[in-house]
Amino acid sequence: MKRWFKSLISLILIINAKLGIAQMNEISNAGLTNEITLNAMGKGGWWSIDYVKRIFKYQSLQLKTNIGYSTYHLMDFENKFNPDIIIPLGGAVQYGKKHKIIVEMGLTIQRLVVMEDIKKSIWNQDLYFGIQCRYSISKTLFLQGGLFNLKNNQQKKYLWPSFSVGYRF
Amino acid sequence: MAQFLCRISFLKLAIIFLLFNSCNKYDYNQESYVIGHGGMGVTSTYPMNSLESFLKAMHHKADGVEIDVQMTKDGELIAFHDEFLEHRSTGKGKIEDQSWETIQNLRYTNYPYLSYKIRKLDEVLSQLSKWQPIIILDIKSIYDYDEHKYLLFKNNLSELIIEYQPYIQFIVESKDALWLSQMKEDFPELLTLLYGYDFYIAQDEAVEFELDGIALDFKEYKSIDLEDLESSPLLLSAFNVHLKSDNRRALERSIDYIQTEQIDYLLKIQGRK
């Protein structure tokens, strides 16, 4: 049998074995209703850390709420500690057993430091909407990736990717 | 055997230590001016030419900043890089086709959520003047202007130079050598830099028009003999100095005005931070 064909068969078997393990992990994850996710890009802009709470579960369907934190600048343009604050706040519908699809929607509340005649903070709020896929690594760890549609208060739309790693507890 | 291995490891560490230390011995040119490119540069989360970016650069102890200057339909001079608003802001169309009333409501859009305004040049100069900085005004697009717009631009810019010259060392940069020489006649203390693409062609043209210097993309300077750079009668300004290695090389090549993305690093290797 040709080497490339053997390699392909081996790869398929490995992937299926991993998926099998993921499925077994999902059965024992029923009691884990809390999550912490660390996100690169996504609804926080460049990054965010989110706490997610499951509030409802029926078979493969779950409803969740989340609150997060992000910032762009810890030091403002005068080099003083004065972070911009971005708080994503919203909910999600998750569906799936082995691989999950997650539809998220919510609001980001921002406190930004800008210069007018003097330095001041302004408050904004914007909507976000996103779709992500989740892959479980183990009982407690998962990877997630997707796209968000971010709409800022100036009506500019961003199609923004998201990559996350999360921990369930 | 163990002793032998120990000695080898010690020797390796000693060699690494010596090599590492020898990297920092170069005496970099401290006479080069550190100019923030559009403020904090292209890669900053503060948009280029935003007031916040300029202020950040000055608080980082830059000698000055480079500002891209354009004129609106109603004669206001603003700080903005691109010809078309949609490349960096919530607006649409050319700057020169919009009034200030429209532009003042626009925001930069480089990242989600951030909300920085497009500013009048007057406002920027007013905020920066307290540092008594060097300001390089990179004049965009005047060679496309008809006579009326040309005069309007020249008059409005001249008014600002007169107002802020006691506090700011102005340098004007443009592709239009004739316009630069006219500005030099009106303002003898003003430094003029000819924006060019080829070192030798730009040098010859600048000398012909009796300008003070030339401004080139840094990659153009990299290919020029050091001797030619050092013997040039003109001031040399470089933009697009992005990488740390580029900044080091700009100092080695005695570039007078380094329009940098790495203000802190450049000041550090000059021993000024």
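Not measured: the values here are computed from a predicted model.

Visitor: Please explain the interface of chain A and chain B as it appears in this structure.
Guide: Often the size quoted for an interface is simply the accessible area lost on bringing the parts together. Chain A puts 30 residues into the contact, and the matching count from chain B is 22 residues. With both chains or domains summed, chain A and chain B bury close to 2300 Å², and 56% of this area falls on carbon and sulfur atoms. Our count for the contact surface shared by chain A and chain B stands at one salt bridge. Here E116(A) ties to K117(B) by a salt bridge, and the two come within 2.9 Å at their closest N and O atoms. At the level of secondary structure, the elements contributing two or more residues to the side of chain A that touches chain B comprise β5 (99-115), β6 (119-136) and β8 (157-168) of chain A. Top contributing element to the side of chain A that touches chain B by residue count: β5(A), with six residues. Split by residue class, the side of chain A that touches chain B holds 13 nonpolar, nine polar and eight charged.

Visitor: Honestly, the sheet that holds strand β3 (residues 61-69) of chain A in this entry has me stumped. Any pointers?
Guide: Pairing between sheet strands relies on hydrogen bonds along the backbone, with the strands arranged either parallel or antiparallel. In spatial order, the strands read β1-β2-β3-β4-β5-β6-β7-β8 (chain A); together these eight strands close into a barrel with antiparallel pairing. Going across the sheet, the axis of each strand differs from the next one's by a mean of 25°, ignoring polarity.

Visitor: I'm lost on the side chain of Q132(A) in this one. Help?
Guide: All names here are of chain A. Within the secondary structure, Q132 is located in strand β6. The exposure class of Q132 is buried, given its relative accessible area of 1%. Engagement of the side chain of Q132 in a polar contact is seen with the side chain of E104, the distance being 2.5 Å. A distance of 3.3 Å separates a polar atom in the side chain of Q132 from a polar atom in the side chain of S162. Setting aside residues no more than four positions away along its own chain, Q132 makes contact with K100, I101, I102, E104, Q144, G145, G146, F148, S162 and S164.

Visitor: I tried to follow the packing of helix α4 (residues 121-128) of chain B against helix α5 (residues 147-164) of chain B on my own but got confused; where do I start?
Guide: Packed helix pairs are characterised by how far apart their axes lie and by the angle those axes make with each other. All names here are of chain B. Relative to each other, α4 and α5 sit at 15°, their axes nearing to 11 Å. Taken together, α4 and α5 sit at an angle that is classed as roughly parallel. Crossing angle aside, the handedness with which α4 passes α5 is right-handed. Only L157, L160, E163 and Y164 of α5 make contact with α4, whose side of the interface consists of L121, D122, L125 and S126. For the contact of α4 with α5, the class distribution of residues is five nonpolar, one polar and two charged.

Visitor: Before we go on, may I ask you to explain the environment of E52(B) in this structure?
Guide: Mapped onto the secondary structure, E52(B) falls in helix α2 (residues 51-59). Take E52(B): its relative accessible area is 0%, and that puts it in the buried class. When the C-alpha positions of E52(B) and Y116(B) are compared, they lie 7.8 Å apart, and in sequence the two are 64 residues distant. Excluding anything up to four places from it in sequence, E52(B) contacts F77(A), V114(A), M115(A), Y46(B), Y116(B) and R119(B).

Visitor: I'm lost on helix α10 (residues 244-252) of chain B in this one. Help?
Guide: Since the α-helix advances by 3.6 residues per turn, residues separated by three or four positions end up pointing in the same direction. Residues and elements named next belong to chain B. Regarding α10, the residues found buried are D246, N247, A250 and L251. Summarising the axial view, the buried residues of α10 lie within an arc of 140°, below the 170-degree limit, and thus occupy one face. Residues of α10 that are buried in the fold lie against α8 (218-222), β9 (235-241), β10 (257-260) and α11 (263-269). Phi for S254, located one or two positions after α10, is positive at around 55°.

Visitor: It is not clear to me how the packing of aromatic side chains should be interpreted in this structure. Could you clarify?
Guide: All chains considered together, the criterion is met by 17 aromatic pairs over all chains. Relative to W160(A), the ring of Y158(A) has its centre 5.9 Å away and its plane inclined at 85°; by these criteria the two rings are edge-to-face. Owing to a relative accessible area of 7%, Y158(A) belongs among the buried residues under this scheme. Ring geometry for Y46(B) against Y116(B): centres 5.6 Å apart, planes inclined by 50°, an arrangement best described as tilted. In this pair, Y46(B) sits in the loop between β1 (33-37) and α2 while Y116(B) sits in the loop between α3 (100-103) and β4 (119-120), placing the two residues 70 residues apart along the sequence. Note on accessibility: Y46(B) and Y116(B) belong to one class, buried. Counting every residue linked through ring pairs, the aromatic cluster contains W46(A), Y72(A), Y158(A), W160(A) and Y111(B). Taking the ring centre of F142(A) as reference, the NZ or CZ of R134(A) above it sits at 3.7 Å.

Visitor: Whenever I open this one, unusual backbone geometry confuses me. Can you help?
Guide: For residues that are not glycine, phi is negative in most cases, and the peptide bond is trans in most cases. All names here are of chain A. Its identity as a non-glycine residue notwithstanding, M41 has a phi of 60°, on the positive side. Topologically, M41 is positioned in strand β1 (residues 34-41). For M41, a relative accessible area of 19% corresponds to the buried category. Backbone geometry places Q59, a non-glycine residue, at a positive phi of 55°. If you trace the backbone, Q59 turns up in the loop between β2 (47-58) and β3. On the basis of relative accessible area, Q59 is assigned to the exposed category, the value being 61%.

Analysis parameters
Residues numbered from 1 in each chain as written. Chains lettered and ligands numbered in written order. Predicted model: local features only at pLDDT ≥ 70, side-chain atom pairs only at ≥ 80, totals over all residues. Heavy atoms only, no water. Contact = heavy atoms within 4.5 Å. Buried area = accessible area lost by both parts, 1.4 Å probe. Salt bridge = Lys/Arg side-chain N within 4 Å of Asp/Glu carboxyl O. Helix = DSSP H or I, 4+ residues; strand = E, 2+ residues; numbered from the N terminus. Nonpolar A, V, L, I, M, F, W, Y, C, P; charged D, E, K, R; others polar. Pairing = 2+ DSSP bridges. Axes fitted to C-alpha atoms, helices over the stretch in contact; angles between N-to-C directions. Buried < 20%, exposed > 50% of the residue type's maximum accessible area, 1.4 Å probe, protein only. Polar contact = N/O pair within 3.5 Å; in protein donor to acceptor, adjacent residues only side chain to side chain. Parallel < 35°, antiparallel > 145°, perpendicular 65-115°, else oblique. Left-handed = near helix turned anticlockwise from the far one by under 90°. Arc of directions from axis to C-beta. Phe/Tyr/Trp six-rings, centres within 6.5 Å; stacked < 30°, edge-to-face > 60°. Lys NZ or Arg CZ within 6 Å of the ring centre and 35° of its normal.

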